[in-house]
Every structure is written in structure tokens, then in C-alpha cells.
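Results of the structural survey
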Amino acid sequence: MLPLTLSFTLLRTIGGNSWKMIEDIGKIFRFTLLSTLAIFQKPFYPDLLLHQLISVGYYSLPVVGLTTLFSGMVMALQTYSGFSGIGAESTLPRVVSIAIVRELAPVLAGLMLAGRVGAAITAELGTMRVTEQIDAMQTLCISPVRYLIVPRVLACTLTLPVLVGLGDSLGIYGGYLIAVYKLGLNPVNFIDHVLDSLQWIGILSGLCKAAAFGFTLSIIGCYFGFHSRGGAAGVGIATTNTVVVSSILILTLNFIITEIFFRLQ
Amino acid sequence: MTHTITMEHIAKAFGSNRVLADFNLHVDESCSLVILGGSGSGKSVCLKCLLGLLEPDMGTVSINGIRINGMSQKQRMRQIGQIGMLFQNAALFDSLSVWRNVAFGLIEGQGVDPNKAYGIALEKLAQVGLEESVATLLPSELSGGMRKRVGLARAIATEPKILFFDEPTTGLDPIMGQVIDQLIVSCVKELGATAVTITHDMQSLRRIADEVVMLCHGRNIWQGHVSEIDTTDNPYVRQFIKGSDQGPIKMPILNLGAKEIHSA
Ligand SMILES: Nc1ncnc2c1ncn2[C@@H]1O[C@H](COP(=O)(O)OP(=O)(O)OP(=O)(O)O)[C@@H](O)[C@H]1O
Ligand SMILES: [Mg+2]
């Protein structure tokens, strides 16, 4: 008797949780659609967008810059120890630039911004939700979607490619520093090989990823913030959810976009 | 005739907690209605249903003859326009300065020029007894009563035709309470607004109310003119007005203090 009730309970828990997950996915899709549509609707708030561009873009520069710089340096060291037997002179610059431009810069920047910006968006909107500020905005006939969400989503989608572009150069520069000053490679050859290995499609795929990640992390941040409930603890849970869900989505999207560009090549 | 605000057979529950059950309410144009009821009886929930912030489980809510429940936010905004609402906890935008809060509906909603809106905001702040020096502070730098008054100034800034006040005088000293009451009365009398106010303050009730509604057990158990509250034989209203613990309204309070004194 007991095993039977136990397995029923288990089944019900699994079923209930899966159902809730499907429901959540549906809600996120709906939210994404509505927010995207709202981007093209009036009124538009340019000053809010500017404010977000500065807080997302400008203040993320050090984080993204340092991350990519050190990743480039590490890539150079690791490639050298791995390939030193078979012509490090030409492989090292290629590996560093391809890894940075196509993968490391966009993914690391995306993950860093999920932590820095996504979490902040959720905490801010979540607090506004639980203190009824979003409700107050509605009674004043201002659409919270257009006023709060659109500027954040636009800012993240537009700035992440720019940040990644800068991250690309810094990452390669990190590799250059190690290759030339520590490993003693020829600087002119290094630059030649890097330029050789950079293809427009590689750069484009990195920038597309960046835009997609920026959009995703901001939408997820807004979603969890907008739907948080239950005071400070609720906002805390929502913030954690944002970081976890957007990180997973970023890694998943990374695979999908890589796959698409792989076919295009 | 049509009422400005109607709620019919409203039911609202949170899980197993049934807050409103078959609640009915009618408010005429340019009438100031006050809702009375014990703490936790569902007064704030009732206002949120009126605003469309909470969706009732059953029943209809109409404003100006337009049924608003079931409508999307956007439609509701277009049909009803701005509603002045003072939230119980003021709900000020904490990233905006005080005057920006007051002028929010003007600048972002109606596209009023910020310079002009600043002037209007100062005027509204003066009406709730706040000086110009407060205008540039952030809400976090204000006292509880000041926040409440800023919330009130924000609610009336766009001079909406429908005003809801959730405990406007709670947390204010008696003198300021009277100033706020007069402001509410003048909004109704001079602007012809329809106001629904929640209050626990009996003095304030007598100053601002035309009509009074008593909310108990999720229902509208009594509605009448303010002059009738002292003469009614409804036991709930009588008990509430007197503030006595003898009567049909039971407070679930364990009388621990008394026991301890006896045993000592
Ligand atoms: N968002 C919510 N989720 C769950 N329960 C809620 C929610 N809002 C209100 N309630 C419940 O509804 C009931 C009525 O709450 P409400 O805020 O309307 O009381 P009130 O009459 O305004 O009391 P007070 O005079 O103390 O402000 C309470 O029991 C409360 O627990
Ligand atoms: Mg209340």
C-alpha cells in the first residue's frame, strides 16, 4: 500500500512540476512577444533609453574588458603548451583570435552581464512590483512595459554587441601580450596570422550572439522582476532565477547560433 | 440613472482565504463614499479590483458604465483614463525626486512640459502642506506622513474625475489630518470628482463622507448617508462607530495580558 501511495505522490509531484514549467515557458514566450511588440509602439522614451545605455554599456566596460583580456592571455598560454610541438608561431594567433571572437567574448560577456545587469533589472523591477510602484504607474495610465521594459531590453540588445566588439580586440591584445612578451613570438607574424584567421562570418556570428544574449538576459531579467511577489525574499528568489535561467539560455542559444553559422559557412 | 462606479456580486479569494464574497457597491457621480471595515476585511482588495489591478473571481466592475473587468490593461487605460489613487503605503517611485513623482502623470502621461509640470507639482505639494524645499528630495528621505502626502499630491495632480484614497490620514497628526480632509472635500466639491476613501478615522469620516459603506465578512453589510451612522440600528455599524469590543464583530485576540495579571 505504502509504495503505491508513495509512487502516486511522486508522480503527482513530477507531473505538477513539469506542468508548471511548461506554463512558465508559455508565459515567458508571451511576455517576450508583448515586450517586443511594445518596442515599436508609441510613446517611446529616449531619455530612459539613454540612461539605460549608460548604466548597461558604459558601466559594464571594465567587467567585460577584464574578462576578455585575461581570457585572451590564458588562451595564449594554454595553446602554446598544447601546440608548441607543431608550429605555435602560426597556430597560436589563429586559435586565440577564433576562440575569442567566436566564443569566449560573446559567451563570457553574456554571462557576466546576466550577473551584473540581469540581476539588477530583476531586483529593481521586483522591488517596484512588491512595493506597488508598478501598480501606481498603471493607474496613472503609463504602460509599465513601455516605460520600464522597452528601454532596458533595447539597451541590452544594442550595447552587448558593442561591448563584445571591444572585448574581441582586448582579448586578442591579451593573447598578443603573452605571445610576444612571454613566449617570444614575432609580433608582426602574430598580427598577420590574426588578420588572416579573422573572417567576416566569424565576427558576425560573435556579434549576433552578443545581440541575442543581450536580448535574452534583459527579457528574462524583466520577466522575473515583473512577476516577483512576496516581499524581499520573493525578490531574492526572482533574482536568483534570472541569473540561473538566463545563463542556461545563453549557453543553449550559443549552441544554436553556432550551429546555424556552421551551416552557413 | 447610471452610477459612476458599480461593483456587482464581486468575489475574490486568495487560495482558501475568501476576502470578498458577493460584494456590491454603487457610487454616484460627485459623491464621496467612505468604506469602513476591520483591518484585513478586504477594503484595499476592493479598491484594487476597482482599479483593475486585481481581477475578481466573479462579478462585474463598471466605471462610467463601462465594464472593466476582463479588459486588457491597454483598453482600460484608453477607456477610463487616469484614476487618482493614493496607495496605503504611498507607493512612490523611489528613483524619482518628490516633484517628479507628483508630476509623473502630467509629464509621462499627458506630455505636459516639465517646466510647467514643475509649477503644478509645487502647487499640489503646497496643498498637502509640503514646502518647496521638499520637492527635490528623494522619497527615501521623507517621513512616513510626508510620503503619504506626496502620494496624495500625485493622485490629485492630473485632476482626475475618479479618486481613490486608501487611508489618507493614517500616520498624520490631527491638524494635518484635517487639512487633508479639506483637500479631499474640495476635490469632490470643486472638481466634481467621485471619491472612494478608506479610513479608520471617525472624525475624518464625518468630515469627508457623503455615503458610508460597511464591509464585513466580504460583503457590503450596510450602506447609508453619513447622517445615518449614529441613528442606524445595524449592530455592526454601531459597534464600529463606538469602537467597542462588545458586539457582533469578534476580534480573534487571545487575552494573555489579563490572565497574567490575575495569576500574579
Ligand atoms: N496579494 C495578496 N495575496 C494574498 N492575499 C492577499 C493579498 N492582498 C490581500 N490579501 C489578503 O486579503 C485580506 C484583505 O486584505 P486588505 O489589504 O484588503 O485588508 P484591508 O481591509 O485593507 O485592511 P487594512 O485596514 O489593515 O489595510 C487579508 O486577509 C490579506 O491577507
Ligand atoms: Mg488596506
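Up top is the structure these notes are about.
Now for a quick tour of the structure. (Residues numbered from 1 in each chain as written. Chains lettered and ligands numbered in written order. Predicted model: local features only at pLDDT ≥ 70, side-chain atom pairs only at ≥ 80, totals over all residues. Heavy atoms only, no water.)

**Focus on the site of ligand 1**
Residues and elements named next belong to chain B.
- Neighbouring ligand 1 are 14 residues, the closest being Ser39, Gly40, Lys43, Ser44 and Gln88.
- Breaking the shell around ligand 1 down by element, the ones donating at least two residues are strand 2 (17-27) and helix 1 (43-51).
- Among the elements that take part in the shell around ligand 1, helix 1 stands out by supplying three residues, more than any other.
- A per-class count over the shell around ligand 1 returns three nonpolar, nine polar and two charged. (Near = heavy atom within 4 Å. Helix = DSSP H or I, 4+ residues; strand = E, 2+ residues; numbered from the N terminus. Nonpolar A, V, L, I, M, F, W, Y, C, P; charged D, E, K, R; others polar.)

**As for the interface of chain A and chain B**
- Across the boundary between the two partners, chain A contributes 18 residues, which contact 21 residues of chain B.
- Between chain A and chain B, the buried area comes to about 1,800 Å², and carbon and sulfur atoms account for 60% of it.
- Among the residues chain A hides against chain B, the three largest losses belong to A:Glu132, A:Thr139 and A:Leu140. Together they make up 33% of the total.
- One can count one salt bridge joining chain A with chain B.
- Of the charged contacts in the structure, one is a salt bridge between B:Lys48 and A:Glu132, with a shortest N-O distance of 2.6 Å.
- At the surface where chain A touches chain B, the tally comes to three residue pairs in polar contact (both at pLDDT 80 or more).
- Broken down by secondary-structure element, the contributors of at least two residues to the side of chain A that touches chain B are helix 5 (133-139) and helix 6 (144-182) of chain A. (Contact = heavy atoms within 4.5 Å. Buried area = accessible area lost by both parts, 1.4 Å probe. Salt bridge = Lys/Arg side-chain N within 4 Å of Asp/Glu carboxyl O. Polar contact = N/O pair within 3.5 Å; in protein donor to acceptor, adjacent residues only side chain to side chain.)

**Here's the deal with the packing of aromatic side chains**
- Here the structure, examined in full by the defined rule, presents ten aromatic pairs over all chains.
- Here the aromatic cluster, defined as three or more aromatic residues joined through ring pairs, consists of A:Phe31, A:Tyr223, A:Phe224 and A:Phe226.
- We note A:Arg129 situated over the ring of A:Phe226; from NZ or CZ to the ring centre the distance is 5.0 Å.
- Directly above the ring of B:Phe93 sits B:Arg154, whose terminal nitrogen or CZ lies 4.7 Å from the centroid. (Phe/Tyr/Trp six-rings, centres within 6.5 Å; stacked < 30°, edge-to-face > 60°. Lys NZ or Arg CZ within 6 Å of the ring centre and 35° of its normal.)

**Observations concerning the packing of helix 3 (residues 61-83) of chain A against helix 4 (residues 88-130) of chain A**
- At a minimum axis distance of 8 Å, the contact between helix 3 of chain A and helix 4 of chain A shows a crossing angle of 145°. Where helix 3 of chain A crosses over helix 4 of chain A, the handedness of that crossing is right-handed. (Axes fitted to C-alpha atoms, helices over the stretch in contact; angles between N-to-C directions. Left-handed = near helix turned anticlockwise from the far one by under 90°.)

**What to know about the layout of surface pockets**
- Its volume calculated, the largest pocket comes out at about 2,000 Å³.
- Along its surface, the largest pocket is lined by 47 residues, and A:Arg129, A:Phe226, A:His227, A:Arg229 and B:Gln73 are the ones closest to its centre.
- In terms of residue count, the dominant contributor to the lining of the largest pocket is helix 1 (residues 2-39) of chain A (nine residues).
- A per-class count over the lining of the largest pocket returns 19 nonpolar, 14 polar and 14 charged. (1 Å grid on protein atoms, 1.4 Å probe; cavity = no way out; pocket = protein on both sides within 12 Å on 5 of 7 lines; lining within 4 Å. Points joined across faces, edges and corners; volume = space filled by probe spheres on them.)

**Thoughts on the coordination of the magnesium ion (ligand 2)**
- The magnesium ion (ligand 2) binds to the protein through B:Ser44 (OG) and B:Gln88 (OE1), with metal-donor distances spanning 1.9 to 2.1 Å. Placement of B:Ser44 in helix 1 and of B:Gln88 in the loop between strand 6 (84-86) and helix 3 (98-110) is noted, with a sequence separation of 44 residues between them. (Donors = N, O, S within 2.8 Å, 3.2 Å for Na, K, Ca; no water.)

**What about the environment of B:Phe104?**
- Residue position: B:Phe104 is located in helix 3.
- By relative accessible area, which is 2% here, B:Phe104 ends up buried.
- As for B:Phe104 and B:Ala117, which are separated by 13 residues in sequence, their C-alpha atoms are 8.7 Å apart.
- Those residues in contact with B:Phe104 that sit more than four places away from it in its chain are A:Met137, A:Leu140, A:Ile142, A:Tyr147, B:Phe93, B:Leu96 and B:Gly109. (Buried < 20%, exposed > 50% of the residue type's maximum accessible area, 1.4 Å probe, protein only.)

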